[in-house]
Amino acid sequence: MSEVLEELRKSILEYDADRAEEYALRSIEEKVDPLKSFEAMTKAINEIGEGFKKGERWLPDLVGGADAMLRAAPIIEREIKKRGVKRQSLGVVVAGTVFGDIHSIGKTMVCALLSAEGFEVHDIGINVRADEYIRAIDENGAEILVLSALMTTTAPEMHKVIAFLVEKGLRDRVKVMVGGGAITEGFAKNIGADGYDPTAPGAVKVARSLVGR
Amino acid sequence: MTRGFRRRFRPLELLSEEQCNEVHHGMLEVLEKTGVLVDHERALDLFRDKGCRVDFDNKRVRMPSYIVEEALQKAPAVFTVRARDGKDDIVIGGDTVYFTLFPGMDTVDLDTWEPRSPTLREHNEYIALSDALPNCHFLACYPYFGYKGVPEVLKILEGIAVKLRNTTMVQTCCYSHGCERFTVRMVEAIEGMEAMGATHSAPPLSFSREMVDTYFTYLEADFPLWIGGGPVLGGTTPVTIAGSMVVSNAEMVAAVVLSELIRPGARVMVHDYALPINMRTGSPDFGAIEAVMHQAVFNQTWRRYGIPAVSTNAGPVSSKKIDFQCGYEKAFAAFSAAISGVNVIQFSGGLYGELAAHPLQAILDDDIAGMVGRYLEGVSVNADTMALDLIEDVGPIPGNYVGRAHTREWWQREFFTPKAADRLPLPEWLKTGKKDCLDYARERLEELLSTHKPKRLADEQEEKIEGIMREAREYYRKKGLIGDSEWKEYMAIIESDEYPYSR
Ligand code: B12
């Protein structure tokens with residue numbers, strides 16, 4: 001492996017976003033194949049994910065690694081687009097906490113784990129209105145929508161988002177996963193969601209099964 | 001007036017004077033440099049008019065320290081909240097310590113330990129029980145979050161009505177979907193009575209629009225405020241206790257500044273509810289010792305500001321059952337908060353992480369509160385309690401103190417007797433069915449519910465409350481926030497004999 005790739009991998013393994021960015025830029029200067037760069041980063045983030053599962057790494061490692069990757073990824077992605085090649089991600093995800101709800105910790109974890117697994121994740125934050133989800137799905141060509149709600153008073157908002165997807169003719173294009181403290185399996189079924197899990201690691205399994213990869 | 005407990009000794013101080021100053025200056029620096037996000041035009045205008053630096057584009061308010069100090073001065077150190085019945089008035093502040101019921105959302109099934117929505121009867125009974133418990137002095141938000149069959153948007157309001165009907169104690173009103181407009185009217189409908197309004201910050205360093213609305217609504221109606229945060233160490237604040245303290249104090253102080261701008265002299269108390277994040281699951285670790293320490297430091301700093309401090313950490317636990325872990329998590333937190341200078345402990349009945357509460361737990365907690373209260377009242381040392389004459393009179397063996405007048409006179413003042421603890425000698429325990437504290441709690445629950453009848457609302461008060469509830473139901477129904485089938489189920493309850501009192 002070239003030195004740049006090795007440094008890129010290491011910067012993520014060491015949760016160093018500044019260095020990840022630096023080596024992403026350097027990789028382009030040095031004309032390294034961007035697909036290879038992505039592969040190196042994914043390898044690192046997978047390693048962190050594995051460590052987390054085994055109890056050798058912890059939540060701050062996971063989120064720190066994902067943050068470092070998120071800083072470098074757009075730089076490499078731009079280069080991939082420029083060269084007109086295709087990157088293999090597990091799938092494009094749009095995620096957010098529903099309107100009226102500002103709880104963010106669980107949703108951030110789910111996003112970090114999905115990125116670590118190899119999904120391309122667009123976290124659009126908290127207090128997200130139905131039309132904002134739709135816009136993000138359109139803009140990013142998302143296949144999976146992750147909805148999080150922590151309150152029984154905001155859980156019904158998920159129903160609205162799904163109804164809105166139907167109205168906009170997008171329901172068949174995206175799989176909808178729901179979760180968060182206020183959500184139960186029964187509720188998820190009732191509102192016609194495609195997937196649910198009570199945990200963030202479980203969310204990854206659900207996402208994989210939804211895209212069949 | 002409800003006396004509560006009195007702390008008779010100097011509170012425990014975890015920080016040195018110097019450390020306390022550092023945390024204070026850190027807080028001032030954060031408010032001046034980083035500031036807070038306030039998503040509310042009217043509030044931003046208020047801050048600007050007062051002399052704060054307001055960045056309207058980013059909704060950021062930065063506060064010079066003189067404005068902060070002035071607001072802290074304005075808030076009263078001690079204040080009264082009037083109850084429906086004068087005997088239940090509370091005077092918050094100073095060395096008084098009160099215990100409240102803890103706001104668990106649901107009840108739990110004692111066989112499966114799974115939370116479930118309580119029935120109207122269970123809700124009524126729980127509040128009636130709290131009215132009977134000697135060491136429950138007033139009520140926090142919820143419990144429960146309404147009852148089964150009530151649409152989401154009305155759960156807070158129906159819960160407030162349940163509390164009005166089943167206890168004469170002061171209660172605290174939470175908010176959702178702008179229900180404060182009805183809450184305020186319900187409270188005002190009962191002449192002379194007050195309630196506390198719950199308001200919050202959103203860590204880190206933010207105030208959402210709905211939250212700020214509640215500050216205005218409650219303060220304009222002259223409600224005293226119960227202000228809370230909910231920082232997660234390593235999640236929404238620095239992972240260190242000192243760093244987290246700076247952020248949570250900055251939020252609470254900003255909330256006090258806002259309150260005193262809206263209504264100078266506003267009665268406010270602030271709560272600490274800081275929990276370490278679990279580095280595997282991301283959930284807050286309820287009952288953690290770091291939360292207990294955070295609270296102690298919080299109490300120390302707010303005593304310095306002369307504003308009453310509330311503990312929330314002692315109410316919820318990580319355990320899902322009423323068990324050993326639940327017991328030690330609660331006892332540790334309540335005891336430490338009490339001896340480090342807190343004024344209110346939000347406590348009884350709470351089980352896992354605010355999600356559940358149970359009357360049996362409330363009965364067991366009432367004993368913890370009683371023990372803590374006994375400790376707070378301290379040791380009285382005088383000629384009477386030292387009893388030198390008596391000691392001389394009794395002398396060595398075969399003398400004893402059991403039948404002496406001094407013993408009869410003093411023992412009930414000196415000893416706290418828990419109501420649901422097993423304190424039998426082994427042979428008697430073996431012979432009487434090997435009962436444990438949960439068995440005793442069950443018996444006590446039955447006994448209290450059958451003997452204690454809380455004072456109901458007078459007919460014309462009841463009419464007013466029900467009138468406002470009817471209006472609220474129509475209002476949310478018209479807004480489209482209650483579906484047809486939900487409405488049907490709801491109405492079936494409202495029209496049943498169970499409503500509103502269940503008996
Ligand atoms: C921390 C906290 C806060 C913090 C949030 C800080 C932040 N930046 O996130 C603050 C203080 C801001 C807060 C505010 C409020 N809160 Co709050 N909060 C909590 C608390 C204590 C923990 C929540 C949490 O972070 N859990 C840990 C995370 C990791 O769990 P999680 O999000 O569920 O995620 C896990 C899984 O669900 C899953 N997951 C998450 N998303 C998804 C998505 C998918 C697709 C999948 C598959 C899985 C998945 O993965 C995660 C890891 O396994 C809970 C109590 C509790 N026991 O949960 C109350 C709680 C959720 N809050 C509650 C309330 C009422 C509020 C307030 C309204 C209070 C108020 N009146 O101001 C405000 C809300 C304002 C608003 N409009 O949103 C209530 C909700 C009650 C209800 N009606 O349901 C709770 C239950 C407490 C209570 N009983 O009162 N809160």
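The structure presented is a predicted model; accordingly, all values stated were derived computationally and were not measured.

### With respect to the overall build of chain A
When helices and strands are tallied, chain A shows nine helices and five strands. The order of α-helices and β-strands along chain A, N terminus first, is α-α-α-α-β-α-β-α-β-α-β-α-β-α. Expressed as lengths along the three principal axes of its C-alpha atoms, the size of chain A is roughly 50 × 40 × 30 Å. Split into buried and exposed, the 213 residues of chain A put 52% on the buried side. Nonlocal contacts in chain A, meaning residues at least 24 apart in sequence, comprise 73% of its contacts between residues at least 6 apart. Summed over all atoms, the accessible surface of chain A reaches about 10100 Å², with 50% contributed by carbon and sulfur. A distance of 3 Å separates the average location of the 29 positive side-chain charges in chain A from that of its 34 negative side-chain charges.

### Focus: helix H18 (residues 484–494) of chain B
Residue and element names in this part refer to chain B. Those residues of H18 lying buried are Trp487, Tyr490, Met491, Ile493 and Ile494. Looking down the long axis of H18, one finds its buried residues gathered within 155° of arc, a one-sided arrangement. Facing away from the buried side of H18 by more than 90 degrees, the exposed set consists of Ser485 and Lys488. Buried residues along H18 sit in contact with helix H4 (120–132), helix H5 (155–166) and helix H17 (459–478).

### Structural notes on the sheet that holds strand E3 (residues 144–148) of chain A
Residues and elements named next belong to chain A. Ordered by their spatial adjacency, five strands build an open sheet running E2-E1-E3-E4-E5, and the pairing between neighbours is parallel. In the strand order of this sheet, the two ends are held by strand E2 (120–123) and strand E5 (195–196), each with one partner. The sheet contact formed by strand E1 (residues 92–97) and E2 spans four bridges and is parallel. Within the sheet, the bridge partner assigned to Val94 lies in E2 and is His122.

### Things to note about the coordination of the cobalt atom of the ligand
Counting protein donors around the cobalt atom of the ligand gives one, His103 of chain A (NE2), at 2.3 Å. Assignment of secondary structure puts His103 of chain A in the loop between E1 and helix H5 (105–117).

### Things to note about the environment of Ser130 of chain B
All names here are of chain B. Residue position: Ser130 is located in helix H4. Look past the residues within four positions of Ser130 in its chain and what remains in contact with it is Leu101, Cys136, Leu139 and Met169. Side-chain polar atoms of Ser130 contact the backbone oxygen of Ile127, separated by 2.7 Å.

### Side note on the interface of chain B and chain A
At the interface, 15 residues of chain B touch 11 residues of chain A. Approximately 1100 Å² of surface area, both sides summed, lies buried where chain B meets chain A, with 71% of it carried by carbon and sulfur atoms. Interface area lost by chain B to chain A is led by Glu152, Met279 and Arg280 of chain B, which between them contribute 52%. The interface formed by chain B and chain A holds zero salt bridges in total. Of the residues in the side of chain B that touches chain A, the class split is seven nonpolar, six polar and two charged.

### Notes on the site of the ligand
The immediate surroundings of the ligand are formed by 44 residues, with His103, Ser104 and Thr152 of chain A together with Tyr175 and Gly353 of chain B found nearest. Neighbouring residues of the ligand are not confined to one chain but are distributed across chains A and B. Between the ligand and Thr152 of chain A there is a distance of 2.7 Å, counted from an oxygen atom to a backbone nitrogen or oxygen. Glu354 of chain B places a polar main-chain atom, nitrogen or oxygen, 3.0 Å from a nitrogen atom of the ligand. Elements that contribute at least two residues to the shell around the ligand include exactly H5, E3, strand E4 (175–179) and helix H9 (200–211) of chain A. Among the elements that take part in the shell around the ligand, H5 of chain A stands out by supplying four residues, more than any other. Counted by class, the shell around the ligand contains 24 nonpolar, 17 polar and three charged residues.

### Concerning the domain arrangement of chain A
Residue and element names in this part refer to chain A. In terms of domain boundaries, chain A breaks down into domain 1 (3–83) and domain 2 (92–210). Here the C-alpha centre of domain 2 lies 25 Å away from the C-alpha centre of domain 1. On the side of domain 2, nine residues touch domain 1, which itself brings 10 residues to the contact. Around 800 Å² of area is buried between domain 1 and domain 2 when both sides are counted, 74% of it from carbon and sulfur atoms. For the pair domain 1 and domain 2, the number of links is zero salt bridges. Where domain 1 touches domain 2, the interface holds zero residue pairs in polar contact (both at pLDDT 80 or more). If you list the elements that add at least two residues to the side of domain 1 that touches domain 2, you get helix H3 (34–54) and helix H4 (59–83). The biggest single contributor to the side of domain 1 that touches domain 2 is H4, with six residues.

### Observations concerning unusual backbone geometry
All names here are of chain B. Of the consecutive residues Pro143 and Tyr144, the connecting peptide bond is found in the cis state with omega at -10°. On the secondary structure map, Tyr144 appears in the loop between strand E10 (138–139) and H5. In this chain, Pro203 is followed by Pro204 through a cis amide linkage whose omega measures -5°. Position of Pro204 among the secondary structure elements: in the loop between strand E12 (196–200) and strand E13 (206–207). Here Lys59, not a glycine, exhibits a phi torsion of approximately 55°, which is positive. Note that Lys59 resides in the loop between strand E3 (53–55) and strand E4 (60–62).

Criteria and thresholds
- Residues numbered from 1 in each chain as written.
- Chains lettered and ligands numbered in written order.
- Predicted model: local features only at pLDDT ≥ 70, side-chain atom pairs only at ≥ 80, totals over all residues.
- Heavy atoms only, no water.
- Helix = DSSP H or I, 4+ residues; strand = E, 2+ residues; numbered from the N terminus.
- Buried < 20%, exposed > 50% of the residue type's maximum accessible area, 1.4 Å probe, protein only.
- Contact = heavy atoms within 4.5 Å.
- Areas by Shrake-Rupley, 256 points an atom, 1.4 Å probe, with all protein chains shown as cover.
- Lys, Arg positive; Asp, Glu negative; His and termini not counted.
- Charge placed at Lys NZ, Arg CZ, Asp CG, Glu CD.
- Arc of directions from axis to C-beta.
- Pairing = 2+ DSSP bridges.
- Donors = N, O, S within 2.8 Å, 3.2 Å for Na, K, Ca; no water.
- Polar contact = N/O pair within 3.5 Å; in protein donor to acceptor, adjacent residues only side chain to side chain.
- Buried area = accessible area lost by both parts, 1.4 Å probe.
- Salt bridge = Lys/Arg side-chain N within 4 Å of Asp/Glu carboxyl O.
- Nonpolar A, V, L, I, M, F, W, Y, C, P; charged D, E, K, R; others polar.
- Near = heavy atom within 4 Å.
- Domains from an automatic or database assignment.

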